[in-house]
Amino acid sequence: MKSYKVVEFGKPLEKVEATPPEPKGTEVLIRIATCGVCHSDIHLHDGYFDLGGGRKLDMGRSMKLPHTLGHEIVGEVVAAGPDAGDVKPGSKWLVFPWIGCGECALCKNGDEHLCGPNQALGVSRDGGFSDHVVVPHPRYLVDYGDVPDAVACTYACSGLTAFSALKKAEHVSDADPILIVGAGGVGQSAIGLCQSLHGVAPIVADIDPAKREQALALGAGEAVDPSDKSARKELLQKTGGGFAAVIDFVGAASSTEFGMSVLRKGGKIVIVGLFGGSIDLPLATVPMKAITISGSYVGSLAELEELAAIGRKGGIPQISVSTRSLDEVQETLDQLREGKIVGRAVLQA
Ligand SMILES: [Zn+2]
Ligand SMILES: [Zn+2]
């Protein structure tokens with residue numbers, strides 16, 4: 001078993017060879033076919049998330065080193081523990097990585113992805129920058145049908161994040177349009193999914209002209225530049241008073257402020273991006289406009305199953321994926337950090 005591990009935060013990953021572990025209890029040992037490289041892997045590698053304004057979220061406590069990152073995993077069953085039921089060796093699955101403690105109220109409600117003392121693969125437990133991974137229970141294995149491995153693995157994080165955020169957007173119709181702020185990787189997944197889920201083409205706001213062009217190619221109804229002084233007024237006019245739902249895939253002060261400024265009465269803003277910063281919110285506008293401010297973080301096992309079912313029926317527009325070998329994981333992380341990767345980068349073990 002070959003794994004690339006974080007041995008020291010921020011230092012290059014180290015290749016470690018070992019014998020694959022024997023699955024115990026309900027555990028399943030998976031031979032990895034593909035693993036996506038996610039932007040959050042950079043932050044986990046650093047050992048902290050930058051929350052903006054000089055504040056940091058320290059990951060050092062939940063992650064014991066040496067640690068294998070990687071949470072977008074597809075692979076085949078090699079062996080299963082004695083209590084894992086009849087999971088078949090050789091069967092291929094998409095792995096739900098956002099595993100919880102199984103004991104708390106969130107976990108019992110099916111919101112394992114929000115569990116504090118989590119067991120998430122690639123975060124708390126060893127993940128997919130390896131050729132094998134141990135999954136604690138076969139219930140985390142999701143059927144992805146004929147979707148290519150390199151595409152299916154991205155459902156586990158970027159796809160699920162887009163899907164769960166879109167599900168939180170309410171009242172979306174032709175008459176009650178939706179605005180997507182930020183057309184980076186996750187925002188792009190959301191553009192195509194919006195049509196599948198809500199039956200409408202979203203309006204997209206992004207300051208980058210290249211991303212606006214990509215958004216239109218992916219099916220956005222319109223793409224606007226939020227830094228344009230007249231954008232806000234034009235959107236308010238076009239929508240007859242604002243959007244029913246805004247999804248902010250950036251999560252910076254400027255993107256959230258823009259999103260809030262074009263929200264209609266009774267509207268909902270869903271903040272997904274982790275860019276960081278803070279805004280000055282006049283509190284009386286919350287009840288007076290009856291708005292909802294919601295956060296969305298990855299998604300639940302039930303949502304991943306729902307997303308994979310849409311994927312199996314061909315309902316998820318393909319995002320651009322570039323594949324490379326597992327041995328190139330460090331270069332891939334470096335390129336991602338430098339913003340040199342278009343679409344999603346996926347490792348093949
Ligand atoms: Zn991710
Ligand atoms: Zn829990």
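Rules behind the numbers
Residues numbered from 1 in each chain as written. Chains lettered and ligands numbered in written order. Predicted model: local features only at pLDDT ≥ 70, side-chain atom pairs only at ≥ 80, totals over all residues. Helix = DSSP H or I, 4+ residues; strand = E, 2+ residues; numbered from the N terminus. Buried ≥ 20, exposed ≤ 12 C-beta atoms within 10 Å, placed from the backbone. Contact = placed C-beta atoms within 7 Å. Pairing = 2+ DSSP bridges. Axes fitted to C-alpha atoms, helices over the stretch in contact; angles between N-to-C directions. Domains from an automatic or database assignment. Nonpolar A, V, L, I, M, F, W, Y, C, P; charged D, E, K, R; others polar. Parallel < 35°, antiparallel > 145°, perpendicular 65-115°, else oblique.

Draft legend 1. Inspection of the environment of D46 at higher detail. Among the secondary structure elements, D46 is positioned in helix α1 (residues 39–46). For D46, a count of 15 C-beta atoms within 10 Å corresponds to the partly exposed category. Setting aside residues no more than four positions away along its own chain, D46 makes contact with F9 and G10.

Draft legend 2. Up close: the sheet that holds strand β12 (residues 203–205). Here we have six strands laid out as an open sheet, ordered β13-β12-β11-β14-β15-β16, and parallel in their pairing. Bordering the open sheet on either side are β13 (222–224) and β16 (292–295), each of which pairs with just one other strand. In this sheet, adjacent strand axes meet at a mean angle of 20° when their direction is disregarded. Strands β11 (178–181), β12, β14 (243–248) and β15 (263–271) of the sheet are contacted by helix α8 (residues 253–261), whose axis makes an angle of about 155° with β15.

Draft legend 3. Local environment of the pairing of strand β8 (residues 92–95). When strand β7 (residues 72–80) meets β8, the two strands line up antiparallel, connected through three bridges. Following the sheet pairing, G75 is matched in β8 by W93. By the bridge criterion, two bridges tie β8 to strand β10 (residues 141–142) in an arrangement that is antiparallel. Residue pairing for β10: L94 is matched across the bridge by V142.

Draft legend 4. Molecular detail of the environment of M59. Following the sequence through the fold, M59 ends up in the loop between β5 (55–58) and β6 (67–68). Accessibility expressed as a C-beta count within 10 Å gives 19 for M59, which makes it partly exposed. Considering only alpha carbons, one finds M59 and H45, 14 residues apart in sequence, at a separation of 9.2 Å. The contact partners of M59, leaving out residues within four places of it in the chain, are L44, G47, Y48 and F49.

Draft legend 5. Quick peek at the sheet that holds β6. With respect to topology, three strands assemble into an open sheet ordered β2-β1-β6, the strand pairing being antiparallel. On the outer flanks of this sheet lie β2 (14–17) and β6, each paired with one strand and no other. Of the pairings in the sheet, the one linking strand β1 (residues 2–6) to β2 comprises four bridges and is antiparallel in character. The residue bridging S3 from the neighbouring strand is V16, located in β2.

Draft legend 6. Inspection of the domain arrangement of the protein at higher detail. When its domains are assigned, the protein resolves into domain 1 (2–157 + 299–348) and domain 2 (160–295). In this structure, domain 1 and domain 2 have C-alpha centres spaced 28 Å apart. In this complex, domain 1 contributes 19 residues to the contact, which on the side of domain 2 involves 18 residues. Secondary-structure elements contributing two or more residues to the side of domain 1 that touches domain 2 are β4 (48–52) and α10 (301–312). Partitioned by chemical class, the residues of the side of domain 1 that touches domain 2 number eleven nonpolar, five polar and three charged.

Draft legend 7. Geometry of the packing of helix α4 (residues 158–168) against α10. Interhelical geometry of α4 versus α10 gives an angle of 100° and a closest axis separation of 10 Å. With respect to their mutual orientation, α4 and α10 come out roughly perpendicular. Within the contact between the two elements, α4 uses G159, L160, F163, S164 and K167 and α10 uses E303, L304 and L307.

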